[in-house]
Each structure stands twice: as C-alpha cells, then as structure tokens.
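Secondary and tertiary structure notes
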Amino acid sequence: MKDFKDIVYVGVDDTELDLFEGQYKVPDGMSYNSYVILDKKIAVMDAVDKSCIARWLDNVALALQGREPDFLVISHMEPDHSAGIAAFAAKYPSAAVVGNTKIFDMFRNFYGVELPNKVLVKEGDTLLLGEHELTFLAAPMVHWPEVMVSYEKKDKVLFSADAFGKFGALCNETDDWACEARRYYFNIVGKYGVQVQALMKKLAAYDIAAICPLHGPVLSGDLGEYLSLYDTWSKYEAESVGTFIAYACVYGNTKQAAYALKDELESRGEKVVITDLARCDLAEALEDAFRYDKTVFAATTLDGGIFPVMEEFIRHLKAKNYQNKKVGIIENGSWAPMSGKLMRALLEEQKNVKVMDTVITCRSAVPGDIRELCAALADELLG
Ligand SMILES: Cc1cc2nc3c(=O)[nH]c(=O)nc-3n(C[C@H](O)[C@H](O)[C@H](O)COP(=O)(O)O)c2cc1C
Ligand SMILES: [Fe+2]
Ligand SMILES: [Fe+2]
C-alpha cells in the first residue's frame, strides 16, 4: 500500500452484486477489504464475502510470498466479511483466528463449527507482530455488537471495520468519497450515532495517519474532512443547509404543489432537492433527508392512509433515528385528506422534529391560493 510498505491490500471488488445486504442498490459494485501486515509475524486483517473467497485467497497468497500467516484478525462477523474465515483456516491451519468472545460465539452460530485455533482478545489487548503492534478496541454496534477495530502503532493505521466504509468497488472509485459514504453511513450505521460517537471519543486518544475500512478506499493524508463528516453524521446534525422535498402521489397534483414550494424556496435562495419516492432509490432519499436541515413530506391520501411508499419511507427514517429537523407537510385527498395528520403524528414522535404549523392541503387539484400557502410554509421553514 502506498506509504505503508509492510501493509498490503488483499481485498476484492464485487462488480456483479445487485443488492448489498439484500436491499441496497450498488450500481458501482462493492469492495470487501482485507489487508496483510508483513512483519516477523504476519497478520491478515479480515476476510471477505462468499462470492469472492477464491480471489481473496489468491491475493493473500501473493502478498505472503511463500510465507505462512500467523493470525487472521476478525473485526466483524457479518457474512460479507466472515464468509471466508473457514476457507482461510483450512488453507492455513497453523494461523490463529483473533477475535473477541462475541465474534467466536457468532462464528459458531453462523457456520456451525468451532475454530480449532483461536486467540481471544478483549478491550485494550495488544498483539505484537515485530515492529508492528495491534491494539484492539471494542466498537459495539458500529455496526453489530461484536465489532472491534484495531490500531496499528508503528504506521499509525486504524483498521476501522465498517466505520468509514462506503458503497462502490475500488475499480469504480471517484474523487467524491462523501456521496456514497453518506448513503452507506445513514442506511447501514445511521441508527447507531451514539455508538459511533463513543468510538470517535475513544479514537481521539490515538494518532491516526490512515484509516483502512472494510469497504471503500483507504483514507490517508488529511483525515480532518472524513472525521468531521463522521462527527456531523453521528451527532445527527445537518451537514448542509437546504430543503429536501419527497413527494408521492397518483395523478401529479401533489407533485405540482411540491414543485410550487420548490420554486418559492429557491426564489428565496434556498437549496432544494426534490424526489419522487415511487421512482427514486429510497436509500438515496433517506441519505438526503438526513443530509439537509429541512424535509418536506408531500403525499396523497390513499384508502384513508398515507400513500404507501411515503409511509414506508417515514418508517425507514424512524428506524434510523431521524431527528433534529424542520419539517413541512403537503397533503392531498379528494374527499377526506388524512395523509397530513398521519404523517405529522409519525414524525412528531421523533426527537427534535419540528413540524411547521402551515400544512398545504390539496383537495384533488392544487388550491387557488397555492402561492400564498407556499409563501407561508416557506416563511416558517426559513424563519
Ligand atoms: C386507490 C385510491 C385510493 C384513494 N383513497 C382516498 C382516500 O381514502 N381519501 C381521500 O380523500 N382521497 C383518496 N383518493 C383520492 C386521492 O387522494 C386523489 O387521487 C388525489 O386527491 C389526487 O392527488 P394526486 O394527483 O396528487 O395523486 C384515493 C385515490 C386512489 C387512486
Ligand atoms: Fe456490517
Ligand atoms: Fe461490511
């Protein structure tokens, strides 16, 4: 790896994968990262998904240059990283698998066998490889309970598990790290902001020159920007000033009202992002709802309830601890508009979500006084 002569990248790209974790679209694929630390003793850092085991073992063998590995360190037992462990243990029986109690318990539950050669570690334990030394730090719920990260003292490298990971195969990497890292963060780790904050506090005691995550590129150079984004995201603070408008409707009238509000907000200099929930990537919409400081929910009433994809979207937001937002509501109903009231009730259960008093109600078509209504809602949102 650039800058670190004893640390070799042995991860793999999966460009065939359609859905990560069974639900997230990954048009640019996914990387499953793994690293080899070459010293008097050799440690391999994490395994990979089952789709890529053979290529990973080839990469490991190449990096080893005929030597035998001493350790396989496991940070996270989710199968996108743990599926390769058994094949590794079979190929290198003298290598010990390093993990905490929860990691070994989960291994047993996932794979139904016992690892014959284990090193059990706990918070603060170290593993001396020669010049390199790893310190293990628990990172519970970033993103599962068993997760631990490893800090390598000589090169000041943090092996961060899923933290600082992103969607996208490395062969498709662009300069825009934040876009897919943000979508990954809020959808995969978003619920656990408090636990990410706890990890960040722990890491503040360490001098970190590079971050090696389990997905996405190695982060090096000025880490300030990445750390600052993670701090903002995990505190549920808005990263950008602006309004995200999500709409869901049948015949386009609610959409028309949503666009009228967009025009009004933009005429006042507000940044606005708008999306049709039935046609967009909901994970991307969720990312935008967390990113901006204001969200507007625009939905038609359907069978006395909220248009289904909007209800689903709000449920996703709640599951990821959506909070600290100013919220506007646009509703529609031809005989008994209910979506506004129902959306308000769901959203007001969230911490520090302030739903504006002005609600734009359409009774089929956009009302004649839509401009005045948009002005009133914009006054409140921007006020
Ligand atoms: C399947 C279906 C169910 C509906 N249920 C309700 C309802 O329970 N209450 C209501 O006021 N309007 C109901 N409507 C009427 C919609 O609210 C109407 O399509 C809407 O006012 C038009 O807005 P849009 O163009 O934004 O979809 C329903 C419409 C459809 C197609
Ligand atoms: Fe994970
Ligand atoms: Fe992962």
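On a predicted model such as this, the values are computed, not experimentally measured, just so you know.

Parameters and conventions
Residues numbered from 1 in each chain as written. Chains lettered and ligands numbered in written order. Predicted model: local features only at pLDDT ≥ 70, side-chain atom pairs only at ≥ 80, totals over all residues. Heavy atoms only, no water. Donors = N, O, S within 2.8 Å, 3.2 Å for Na, K, Ca; no water. Tetrahedral: all angles 85-135°; square planar, octahedral: opposite > 155°, others 65-115°. Buried < 20%, exposed > 50% of the residue type's maximum accessible area, 1.4 Å probe, protein only. Domains from an automatic or database assignment. Buried area = accessible area lost by both parts, 1.4 Å probe. Salt bridge = Lys/Arg side-chain N within 4 Å of Asp/Glu carboxyl O. Polar contact = N/O pair within 3.5 Å; in protein donor to acceptor, adjacent residues only side chain to side chain. Helix = DSSP H or I, 4+ residues; strand = E, 2+ residues; numbered from the N terminus. Pairing = 2+ DSSP bridges. Contact = heavy atoms within 4.5 Å. Axes fitted to C-alpha atoms, helices over the stretch in contact; angles between N-to-C directions. Core = buried A, V, L, I, M, F, W, Y, C linked by side-chain atoms within 4.5 Å.

In this section: the coordination of the iron ion (ligand 3). The coordination sphere of the iron ion (ligand 3), as far as protein atoms go, consists of Asp80 (OD), His81 (NE2), Asp162 (OD) and His215 (NE2), spread over 2.1 to 2.5 Å. Taken together, the 4 donor atoms coordinating the iron ion (ligand 3) and their angles of 82 to 172° define a geometry best described as irregular. In primary sequence terms, the donor set of the iron ion (ligand 3) follows D-H-x80-D-x52-H. Take Asp80: its relative accessible area is 6%, and that puts it in the buried class.

Moving on to the domain arrangement of the protein. Segmenting the protein into domains produces domain 1 (7-234) and domain 2 (240-382). Of the roughly 1,000 Å² buried where domain 1 meets domain 2, counting both sides, 50% is carbon and sulfur surface. On the surface where domain 1 and domain 2 come into contact, there are 2 salt bridges. One salt bridge in this structure joins Asp281 and Arg183, with 3.1 Å as the shortest N-O distance. Joining domain 1 to domain 2, the criterion identifies 5 residue pairs in polar contact (both at pLDDT 80 or more). Per-element accounting of the side of domain 1 that touches domain 2 gives the leading share, 5 residues, to helix α5 (residues 177-189).

Another aspect to go through is the coordination of the iron ion (ligand 2). For a metal with four donors in a tetrahedral arrangement, the ideal angle between donors is 109.5 degrees, while six donors in an octahedron ideally sit at 90 or 180 degrees. Every protein donor of the iron ion (ligand 2) is accounted for by His76 (NE2), Glu78 (OE), His143 (ND1) and Asp162 (OD), and the metal-donor separations fall at 1.9 to 2.3 Å. A gap of 3.5 Å separates the iron ion (ligand 2) and the iron ion (ligand 3), which Asp162 links by coordinating each metal. You can see His143 sitting in the loop between β12 (133-138) and β13 (148-152) and its partner Asp162 sitting in the loop between β14 (157-159) and α5, a full 19 residues away along the chain. You'll find His143 and Asp162 in the same group, each marked buried.

A few words now on the sheet that holds strand β11 (residues 126-128). With respect to topology, 6 strands assemble into an open sheet ordered β11-β12-β13-β14-β15-β16, the strand pairing being mixed. Every other strand in the sheet has two partners, leaving β11 and β16 (219-220) as the edge strands with one partner each. The sheet contact formed by β13 and β14 spans 3 bridges and is antiparallel. Across the sheet, the residue bridging to Glu152 is Val157, located in β14. Here helix α6 (residues 193-203) sits on the sheet in contact with β12, β13 and β14, set at roughly 145° to β12.

Core analysis: the biggest nonpolar cluster contains 114 residues, and Trp56, Leu134, Phe297, Met310 and Phe313 have the highest contact counts within it. Per element, the largest residue contribution to this core is 8 residues, and it comes from α5. Counting the residues that make up this core, at least three belong to each of domain 1 (7-234) and domain 2 (240-382). Setting aside anything within four residues of it in sequence, one finds Trp56 in contact with Val10, Val12, Ser34, Val44, Asp46, Ala47, Val48, Leu72, Gly84 and Phe88.

A few words now on helix α9 (residues 282-291). Here α9 lies mainly inside the structure; 8 of its 10 residues are buried. Two or three places before Ala283, at the opening of α9, Asp281 has a side-chain oxygen 3.1 Å from that residue's backbone nitrogen.

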